Amino acid sequence: MGISYGKQFISEEDIQEVVKSLSSDFLTQGPKVAEFESKFAEYIGCKYAVAVSNGTAALHLCALSVDVKEGVNVITTPITFAASANCVRYCGGNVFFCDIDPETFLIDITKLKTLIASKPKGFFSGIIPVDFAGMAVNLEEIKKIALENKLWIIEDACHAPGGYFMDSKGVKQFCGNSQFADLAIFSFHPVKHIATGEGGMITTNDKKLYEKLILLRTHGITKNEELLTKNDGGWYYEMQELGFNYRIPDVLCALGISQLKRANEGLKRRREIAKKYFDAFKNHDDIKIQPFELHSGHAFHLFIIRVSKRKELYDYLRTKNIFAQVHYIPVHTMPYYKGLGFKEGDFPVAESYYRDCLSIPMYPSLTDNDQDMVIKSILEFYGN
Ligand SMILES: Cc1ncc(COP(=O)(O)O)c(C=O)c1O
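Note that the structure is a prediction, hence the values are computed from the model and not measured.

Thresholds, definitions, all that
- Residues numbered from 1 in each chain as written.
- Predicted model: local features only at pLDDT ≥ 70, side-chain atom pairs only at ≥ 80, totals over all residues.
- Heavy atoms only, no water.
- Near = heavy atom within 4 Å.
- Polar contact = N/O pair within 3.5 Å; in protein donor to acceptor, adjacent residues only side chain to side chain.
- Areas by Shrake-Rupley, 256 points an atom, 1.4 Å probe, with all protein chains shown as cover.
- Phe/Tyr/Trp six-rings, centres within 6.5 Å; stacked < 30°, edge-to-face > 60°.
- Helix = DSSP H or I, 4+ residues; strand = E, 2+ residues; numbered from the N terminus.
- Buried < 20%, exposed > 50% of the residue type's maximum accessible area, 1.4 Å probe, protein only.
- Arc of directions from axis to C-beta.
- Contact = heavy atoms within 4.5 Å.
- Core = buried A, V, L, I, M, F, W, Y, C linked by side-chain atoms within 4.5 Å.
- Pairing = 2+ DSSP bridges.
- Axes fitted to C-alpha atoms, helices over the stretch in contact; angles between N-to-C directions.
- Parallel < 35°, antiparallel > 145°, perpendicular 65-115°, else oblique.
- Left-handed = near helix turned anticlockwise from the far one by under 90°.

Caption draft 1: Inspection of the site of the ligand at higher detail. Taken together, 15 residues lie around the ligand, and Gly-55, Thr-56, Asp-156, His-159 and Ser-187 are the ones closest in. Side-chain polar atom of Asp-156 to a nitrogen atom of the ligand: 2.7 Å apart, as the coordinates give it. Here an oxygen atom of the ligand and a side-chain polar atom of Ser-187 are 2.8 Å apart. For the ligand, the accessible surface in isolation is 390 Å², of which the surrounding protein chains cover 92%.

Caption draft 2: Region of the structure containing the packing of aromatic side chains. Scanning the model with the defined rule gives 25 aromatic pairs in all. Seen in terms of ring centroids, Phe-81 and Tyr-328 are 6.3 Å apart; in terms of plane orientation they differ by 45°. Their pairing is tilted. Taken together, the residues span a long stretch of sequence, with Phe-81 in the loop between β3 (73–76) and α4 (83–90) and Tyr-328 in the loop between β15 (322–323) and α11 (335–338) at a distance of 247 residues. Here Phe-81 falls in the exposed class, since its relative accessible area comes to 52%. Consider the rings of Tyr-316 and Phe-381, whose centres lie 5.6 Å apart with planes at 50°: the pair is tilted.

Caption draft 3: Layout of helix α1 (residues 12–22). Taken residue by residue, α1 has Asp-14, Glu-17 and Ser-21 as its buried positions. The buried residues of α1 occupy one face: seen down the axis, they fall within an arc of 65°. Within α1, the exposed residues directed more than 90 degrees away from the buried face are Glu-12, Lys-20 and Leu-22. On its buried face, α1 sits against α8 (250–261).

Caption draft 4: Region of the structure containing the nonpolar core. Grouped together as the largest cluster of nonpolar side chains are 119 residues, with contacts concentrated most on Ile-75, Phe-132, Ile-202 and Ile-305. It is helix α9 (residues 263–281) that contributes the most residues to this core, seven residues altogether. The contact partners of Ile-75, leaving out residues within four places of it in the chain, are Phe-96, Cys-98, Ile-107, Leu-112, Leu-115, Ile-116, Phe-124, Gly-126, Ile-127 and Ile-128.

Caption draft 5: Structural view of the sheet that holds strand β9 (residues 183–187). Strand order in the open sheet formed by seven strands is β2-β10-β9-β6-β5-β3-β4, and the pairing between neighbours is mixed. The strands lining the two open edges of the sheet, one partner per strand, are β2 (48–52) and β4 (94–97). Strand-to-strand twist of the sheet, defined as the mean angle between neighbouring strand axes without regard to direction, takes the value 25°. The pairing of β3 with strand β5 (residues 124–128) spans four bridges and is parallel. When the sheet's bridge partners are listed, Ile-75 is paired in β5 with Ile-127.

Caption draft 6: Examining α4 more closely. For α4, the buried fraction is high: six of the eight residues fall into the buried class. All of the buried residues along α4 are Ala-83, Ser-84, Ala-85, Asn-86, Cys-87 and Val-88. For α4, the secondary structure elements touched by its buried residues are α3 (55–65), β3, β4, β5, β6 (152–156) and α11. Just downstream of α4, Gly-92 is the residue with a positive phi angle, here 90°.

Caption draft 7: Examining the pairing of β6 more closely. Along β6, five of the five residues are buried, which leaves the element largely enclosed by surrounding structure. Side chains of β6 alternate between two faces, with Trp-152, Ile-154 and Asp-156 and Ile-153 and Glu-155 buried alike. Pairing geometry for β5 and β6, over two bridges, is parallel. If you follow Gly-126 over to β6, its bridge partner there is Trp-152.

Caption draft 8: Local environment of the sheet that holds strand β14 (residues 303–306). Taking strand neighbours across the sheet as the criterion, the three strands line up as β13-β14-β16 in an open arrangement whose pairing is antiparallel. Taken across any chain shown, the strands that pair with only one partner, and hence form the sheet edges, are β13 (288–289) and β16 (357–360). The sheet contact formed by β14 and β16 spans four bridges and is antiparallel. Within the sheet, the bridge partner assigned to Ile-305 lies in β16 and is Leu-358.

Caption draft 9: Seen up close, the environment of Ala-146. By the secondary structure assignment, Ala-146 is in helix α6 (residues 139–149). Note on Ala-146: relative accessible area 1%, which makes it buried. Separated by 126 residues in the primary sequence, Ala-146 and Lys-20 place their C-alpha atoms 46 Å from one another. Beyond its immediate stretch of four places on either side in the chain, Ala-146 contacts Leu-151 and Ile-153.

Caption draft 10: Broad picture of unusual backbone geometry. Geometrically, the link from His-327 to Tyr-328 is a cis peptide bond, its omega value of -5° lying close to zero. Residue Ser-178 is not a glycine yet carries a positive backbone phi of 60°. Within the secondary structure, Ser-178 is located in the loop between β8 (172–174) and β9. Take Ser-178: its relative accessible area is 8%, and that puts it in the buried class. Even without a glycine there, the phi angle at Asn-321 is positive, about 65°. Asn-321 sits in the partly exposed class, given a relative accessible area of 42%.

Caption draft 11: How the structure looks around the packing of α1 against α8. Between α1 and α8, the least distance of the axes is 8 Å, while the angle of their chain directions is 150°. Considering the angle they form, α1 stands roughly antiparallel to α8. Crossing angle aside, the handedness with which α1 passes α8 is right-handed. Here Glu-13, Asp-14, Glu-17, Val-18, Ser-21 and Leu-22 of α1 come into contact with α8, specifically with Asp-250, Val-251, Ala-254, Leu-255, Ser-258, Gln-259 and Lys-261.

Next up, the structure:
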């Protein structure tokens with residue numbers, strides 16, 4: 001099968017939990033959904049969590065809950081998965097990209113300030129920063145900008161459950177804890193830290209947003225007697241908003257709960273793997289690495305190297321059955337976004353990053369032998 005850049009790990013205990021759940025009375029919404037939500041909220045350190053069908057659905061519901069609609073302008077980064085920007089388009093809003101920092105590959109805060117200042121006050125409504133590759137965005141700094149400009153923040157934390165940054169008081173601020181962001185989202189796609197196949201989570205500390213999300217997740221329908229405009233009897237429900245079916249099945253939540261138990265173990269292993277890569281490549285002339293030692297809170301969804309002969313190295317590794325990947329092709333260069341007026345050259349740092357980035361294997365079940373093989377093959381490529 002070879003060694004891929006990322007991979008889920010399903011344990012015997014995970015399988016038993018799924019089997020148990022399959023034998024229960026609940027196939028769609030059951031007790032495992034609420035259990036997963038409360039355990040995830042506890043893990044992340046926030047008040048509320050809403051489990052949904054995938055990370056993209058999570059982004060869509062967040063955008064709806066902060067009222068993105070036609071004419072609403074939102075900023076995100078071009079180095080992310082397209083869904084971080086697409087959620088704005090689903091609601092009819094306009095996407096503005098802000099270039100990345102060349103060192104961290106995260107949204108460039110200085111450029112963010114310049115972009116906001118280049119438009120009249122009130123032009124922008126919100127920001128969607130991304131904890132790209134697992135490195136936490138400094139949301140304390142972004143929050144300052146947001147407060148000055150009355151912007152909401154949706155943190156795309158898909159890559160970083162368990163990741164954190166140190167705030168100005170020296171406190172660890174965990175990704176998605178919503179201390180600074182209004183809302184945060186996660187994905188449980190197989191290569192992510194916690195895998196349910198398809199699955200996602202929204203976290204927030206805002207009760208009003210939480211209640212809106214619960215409604216929107218299930219067609220905008222409620223049975224909550226306190227919210228009904230009338231009550232015809234026990235069967236009665238009302239559709240109060242135009243919502244969706246973005247529910248996640250109980251059985252997948254059973255898997256999520258079981259995976260969550262190993263989240264810290266997986267994170268520890270990711271950091272060990274990263275350290276070994278870092279030591280192997282730190283003095284190499286052609287290999288540049290995200291400066292993660294400055295950020296011990298890195299969650300290492302990805303381990304990215306930057307190399308001048310990226311295509312050649314990618315192809316060489318494939319001959320060794322090592323399947324590296326590229327994250328990401330800048331979103332503004334996608335034909336859909338070019339159709340909206342973006343073009344090559346708009347975000348030069350992101351584009352230069354794209355030309356030489358490569359994600360090499362990083363997942364908790366990567367064995368020492370397999371990692372040695374990856375390191376050896378990369379060094380061999382350079383004739384070392
Ligand atoms: C940064 C980022 N945002 C959003 C998503 C969308 O998540 P999903 O694939 O669960 O819809 C992903 C994952 O694929 C992602 O990596």
